[in-house]
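Notes for the structure review
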Amino acid sequence: MSDALKAAARLIADARRVVALTGAGISAESGIPTFREAQTGLWARFSPEALATPEAFAAAPERVWAWYRWRRSLIARGGVNAGHRALAELGTQVPLEVVTQNVDGLHTAAGSPDVAELHGNIWRERCTACGHESSTAIIDHPGDDLALPSCAQCNALTRPAVVWFGETLPVDALTTAEAYIREADCVLVIGTSNRVYPAAALVEHALRGPASVIEINIETTPISGSVAVHLAESASHALPQISRRIKARA
Ligand code: BJW
Ligand code: ZN
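Because the structure is predicted, anything quoted here is derived from the model rather than measured.

The rules we used
- Residues numbered from 1 in each chain as written.
- Chains lettered and ligands numbered in written order.
- Predicted model: local features only at pLDDT ≥ 70, side-chain atom pairs only at ≥ 80, totals over all residues.
- Heavy atoms only, no water.
- 1 Å grid on protein atoms, 1.4 Å probe; cavity = no way out; pocket = protein on both sides within 12 Å on 5 of 7 lines; lining within 4 Å.
- Points joined across faces, edges and corners; volume = space filled by probe spheres on them.
- Helix = DSSP H or I, 4+ residues; strand = E, 2+ residues; numbered from the N terminus.
- Nonpolar A, V, L, I, M, F, W, Y, C, P; charged D, E, K, R; others polar.
- Pairing = 2+ DSSP bridges.
- Contact = heavy atoms within 4.5 Å.
- Axes fitted to C-alpha atoms, helices over the stretch in contact; angles between N-to-C directions.
- Buried < 20%, exposed > 50% of the residue type's maximum accessible area, 1.4 Å probe, protein only.
- Core = buried A, V, L, I, M, F, W, Y, C linked by side-chain atoms within 4.5 Å.

Let's talk about the layout of surface pockets
Counted as a void, the largest pocket has a volume near 840 Å³. Taken together, 43 residues line the largest pocket, and the ones lying closest to its centre are Ala-24, Phe-35, Arg-36, Thr-192 and Ser-193. Counting only elements with at least two residues in the lining of the largest pocket, the list comes to helix 2 (25-28) and helix 5 (61-78). Among the residues forming the lining of the largest pocket, the class breakdown is 21 nonpolar, 14 polar and eight charged.

Given below as structure tokens:
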């Protein structure tokens, strides 16, 4: 085990309150593409900024819904991975809260309780006319020529209940995340490029201290030079090792 992993495990084990802030990288090993690495296949020509906006949805709801249906099918197929499981396990070892930018629901599926979902959840839909929200477990087959989904209450078009660029974040999730960050003495930043606000601002706040910030990312990001420990490893490799090390110390 590397010295950096040992140092990270010590900071986590000694903390009073830990917050894990996660991004697409923790789900990458479930086979779910991240946003800012190359989009694959069908979507190679589109950036997240071109698909994840209210304007894109208004202009071409079929295209945006096809993207979300494709992603739902990948999430359902991939399921939780060793990184999600180890983070849930870590939550049984130390006082730890999870804040995620991911919409895939995989932290909850892995057993992490009360996850603050900053960007919503892909398995929920909201009516564009009356605001009615519903959950779905339906996995469509991406290639199918499907009708646009409609509201059970008023029959208008529904949209994924996620947060697109230019939209505000759910107040509850953001307020909860801000409180967690304020009170944490250790912040674990996992698998995010730290480029999308206001999630990136939560990390910037933590970096101003006194909390120690640990980053787990296979690449460097704008915060890598400022963190207490940067683990240049995949989440599914680093997190189980940290959990095992803390168990061995207990
Ligand atoms: C691994 C790995 C492995 C890979 N292990 N690691 C301040 C300054 C500048 C701009 C703004 C600002 N405040 C607001 C803005 C505007 C905008 C914004 O941030 N723009 C920037 C891009 C410049 N923000 C907003 O519009 C937000 N709303 C808002 O602020 O409202 C108030 C307001 C409105 C209007 C004007 C001003 C204020 C909303 C942001 C919503 C983001 N939505 C999306 C889509 C969600 C739905 C969906 O999933 O489809 O959220 S975009 C996309 O990016 C998604 C993600 O959650 C988010 C973050 O991406 P993430 O998770 O970091 O993924 P990647 O791909 O970027 O990185 C993956 C990382 O993993 C990489 O680093 C890899 O190396 C790593 N990795 N494998 C470990 N195995
Ligand atoms: Zn409706």
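Section: the sheet that holds strand 7 (residues 186-190)
Within the open sheet, the six strands sit side by side as 3-2-1-7-8-9. Their pairing is parallel. Of all strands in the sheet, those bounded by a partner on one side alone are strand 3 (116-117) and strand 9 (229-231). Two elements, strand 8 (residues 212-216) and strand 9, share three bridges in a ladder whose sense is parallel. Its bridge partner lying in strand 9, Ile-216 is registered against Leu-231. This element, helix 1 (residues 3-14), spans strand 1 (18-22), strand 7, strand 8 and strand 9 of the sheet and lies at about 125 degrees to strand 9. Running over the sheet, helix 6 (residues 82-93) touches strand 1, strand 2 (96-100) and strand 7 and is turned about 145 degrees from strand 2.

Regarding the sheet that holds strand 6 (residues 158-162)
Taken together, the three strands give an open sheet; going across it, the order is 5-4-6, and neighbouring strands pair in antiparallel fashion. The open sheet terminates on both sides in strands that have one partner only, identified here as strand 5 (133-135) and strand 6. Within the sheet, the average angular offset between the axes of one strand and its neighbour, ignoring direction, is 40 degrees. Where strand 4 (residues 120-127) lies against strand 5, three bridges are found, and the strand directions are antiparallel. Bridged to Arg-126 within strand 5 is Glu-133.

What to know about the environment of Ala-109
Note that Ala-109 resides in helix 7 (residues 106-110). For Ala-109, a relative accessible area of 57% puts it in the exposed group. When the C-alpha positions of Ala-109 and Ala-9 are compared, they lie 24 Å apart, and in sequence the two are 100 residues distant.

Digging into the nonpolar core
Counting residues in each nonpolar core, the largest one holds 27 residues, and the members touching the most others are Leu-87 and Ile-242. For this core, the secondary-structure elements that each account for two or more residues are helix 1, strand 1, helix 6, strand 2, strand 7, strand 8, strand 9 and helix 10 (235-249). The contact partners of Ile-242, leaving out residues within four places of it in the chain, are Leu-5, Ala-8, Ala-9, Ile-12, Leu-90, Ile-216 and Leu-231.

A short note on the environment of Tyr-197
With respect to the element layout, Tyr-197 can be found in the loop between strand 7 and helix 9 (199-207). When the C-alpha positions of Tyr-197 and Ile-181 are compared, they lie 15 Å apart, and in sequence the two are 16 residues distant.

Some thoughts on the pairing of strand 4
With six of eight residues buried, strand 4 lies mostly within the body of the structure. As defined by bridge partners, strand 4 adjoins strand 6 across four bridges and the pair is classed as antiparallel. Counterpart to Glu-125 in the pairing with strand 6 is Pro-160. Joining the antiparallel neighbours strand 4 and strand 5 is a turn of five residues, in which Gly-131 adopts a positive phi near 80 degrees.

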